[in-house]
Amino acid sequence: MKKLATIGITTLVLLGLTACGGEKTETAPTAAGTTAPTATVAPTAAPAATSSGPRVIKYVGKEYTVPAKADKLVITGALESLEDALLLDVKPVGALTVGGKFPAVFAPITDKAEGVGEKTQPNLETILKLKPDVILMSTKFPAETIEKISKIGPTIPVSHIATDWENNLMLLGELTGKQDKAKQVLDKYKADSAALKAKIGPIFKGKKVVALRVRSGSLFIYPEDVFFNPSIYAELGATVPEEVKAAKSQANISLEKLSEMNPDYLIVEFSEEENKDTPKVFEDLKNNPIFKNINAVKNGQLYTNLVDPLLQGGTAYSKIKFLEAINSSKIVGAK
């Protein structure tokens, strides 16, 4: 994978720029898989000095100065924000691409957007040309990339940690004037997840449930606050396996170790885009005798791509789609 900070001539372009607002207190990004600081309240905006003047938005314990109207959004690196944009029907002027194109799942909001580089390779020249009101980017970006992007205009690093999903949705709602819609989405999800927990709690009791991602030909599990794990454990009531508790970030797990875990329910996400060099890895895995002997596989409780495999898991959109998929799956009727 190419490094994020392959900026080339754009660096020279940006050296002369000064920040047009953005974060008031800048810190280095949180490493992938670690717990980012989480605010206890949803983002709020201070009253603007004038109807067209700047305003201050509070998000995960920091303050950001943004224009009174943020009509032109660019989303780079943060698939989380693209998922939130789907829910709120927000159409960015620029968005990240996967394999040089917009993933089909985002078609409803990217029909008029311009590609601004891959998830890990933002194209600063294109972002600069779009003259965005606000740039939403990922906390996974290194500090060097965040600094360069922030020179283009007001910039907010969006948390990739699943437990910040509510803050992320409310942030986009605040920026676009769709706070009420965001709150309605959150209220409905909480009611629906509580109803599903009442049905599925007895099924998961005493069982081991594991979410697994097949990426770059390897198997990965995640901490309990990353990926779909908050939905599985905190919201649907499954017991957190010790191996998941021990994971500090995305953790590579061998087939032999997965066999030792021996989950009763195995939820696998496999994307061809993330396994281009090993396209048959999952097919080979399913034919492996060790894998076949895992309880979940033997008992027909292996679930592959319940939702689009590019979904991040820790977003309102991911959680809603995951909830719907679980509710309509045979898990609910399992004995």
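Please refer to the structure placed before this passage.
So, here is what we can say about the structure in this document. Please read these numbers as outputs of a predicted model, since none were measured by experiment. All residue numbers here refer to positions counted from 1 along the written sequence of the relevant chain. Totals for whole chains, interfaces and linings use every residue, but because this is a predicted model, local features are given only for residues with pLDDT of at least 70 and side-chain atom pairs only at 80 or more, for both listing and counting. Only hydrogens and water are set aside; all other atoms, that is, all heavy atoms of the structure, feed into the side-chain values.

Concerning the overall build of the protein chain
A tally of helices and strands in the protein chain yields 14 helices and 15 strands. Throughout, a contact is declared for two residues whenever any of their heavy atoms are within 4.5 Å. Contacts in the protein chain between residues far apart in sequence, at least 24 positions, make up 65% of those at least 6 positions apart. Here the accessible surface of atoms and residues is derived via Shrake-Rupley with a 1.4 Å probe, and residues count as covered only by protein chains that are part of the display. Of the roughly 15100 Å² that the protein chain leaves accessible, carbon and sulfur atoms contribute 53%. What counts as a helix is a DSSP run of H or I of at least four residues, what counts as a strand is a run of E of at least two, and both are numbered from the N terminus.

Quick look at helix α7 (residues 179–204)
Given the number of residues in a helix, its expected span is that number minus one, multiplied by 1.5 Å. Along its 26 residues, α7 runs 35 Å from first to last C-alpha, staying within 8% of the 38 Å computed at 1.5 Å per residue. To obtain the bend at a residue, axes are fitted to the seven residues ending there and to the seven starting there, and the angle between these axes is taken. Along its length, α7 reaches its greatest deviation from straightness, about 40°, at A198, and the proline P202 lies no more than four positions downstream. Among the residues making up α7, those that are buried are A182, V185, L186, Y189, S193, L196, I200, I203 and F204. At its buried positions, α7 is contacted by α2 (79–88), α6 (165–176), β11 (209–215), α8 (229–235), β14 (265–270) and α14 (316–328). Looking one or two residues past α7, G206 carries a phi angle of roughly 75°, positive in sign. Whether a residue is buried, partly exposed or exposed follows from its accessible area with a 1.4 Å probe, protein chains only, as a fraction of its type maximum: under 20%, in between, or over 50%, in that order.

Overview of the pattern of salt bridges
When a carboxyl oxygen of Asp or Glu lies within 4 Å of a side-chain nitrogen of Lys or Arg, that pair is called a salt bridge. Applying the stated criterion across every chain yields a total of 15 salt bridges. Note that E166 and K190 form a salt bridge whose closest N and O atoms lie 2.9 Å from each other. Of the two residues, E166 is situated in helix α6 and K190 in helix α7; the sequence distance between them amounts to 24 residues. Judged by relative accessible area, E166 falls into the partly exposed class, the value being 29%. Here K190 falls in the partly exposed class, since its relative accessible area comes to 40%. Measuring nitrogen to oxygen at the nearest pair gives 3.7 Å for the salt bridge that ties E324 to K321. Here the residue E324 and the residue K321 both occupy positions in helix α14, the gap between them amounting to three residues, near one helical turn.

Some points on the packing of aromatic side chains
Two aromatic rings from Phe, Tyr or Trp, using only the six-membered ring of Trp, form a pair when their centres are within 6.5 Å; if the ring planes differ by under 30 degrees the pair is stacked, by over 60 it is edge-to-face, and anything between is tilted. Per the counting criterion, the structure on display carries seven aromatic pairs. Look at W165 and Y189: their rings are 5.3 Å apart centre to centre, the planes differ by 75°, and that puts the pair in the edge-to-face class. Taken together, the residues span a long stretch of sequence, with W165 in helix α6 and Y189 in helix α7 at a distance of 24 residues. Both residues of the pair, W165 and Y189, belong to the buried class. Taking 5.6 Å as the distance between ring centres and 25° as the angle between the ring planes, the aromatic pair formed by F270 and F282 counts as stacked.

Some remarks on the side chain of D133
If you trace the backbone, D133 turns up in the loop between α4 (124–130) and β9 (134–138). No salt bridge is formed by the buried D133; its nearest oppositely charged neighbour, K72, is found at 6.2 Å. Filtering out sequence-adjacent residues up to four positions away, D133 remains in contact with P67, K69, A70, D71, K72 and P154. Here Asp and Glu are counted as negative and Lys and Arg as positive; His is not counted, and neither are the chain ends.

As for the side chain of S271
Within the element layout of this structure, S271 appears in the loop between β14 and α11 (281–286). Identification of polar contacts relies on pairs of N or O atoms within 3.5 Å, with a donor-acceptor requirement for protein atoms, meaning one able to donate a hydrogen and the other able to accept it, and with residues adjacent in sequence counted only if both atoms are side-chain atoms. Engagement of the side chain of S271 in a polar contact is seen with the side chain of E273, the distance being 2.8 Å. Setting aside residues no more than four positions away along its own chain, S271 makes contact with V214, P309 and L310.

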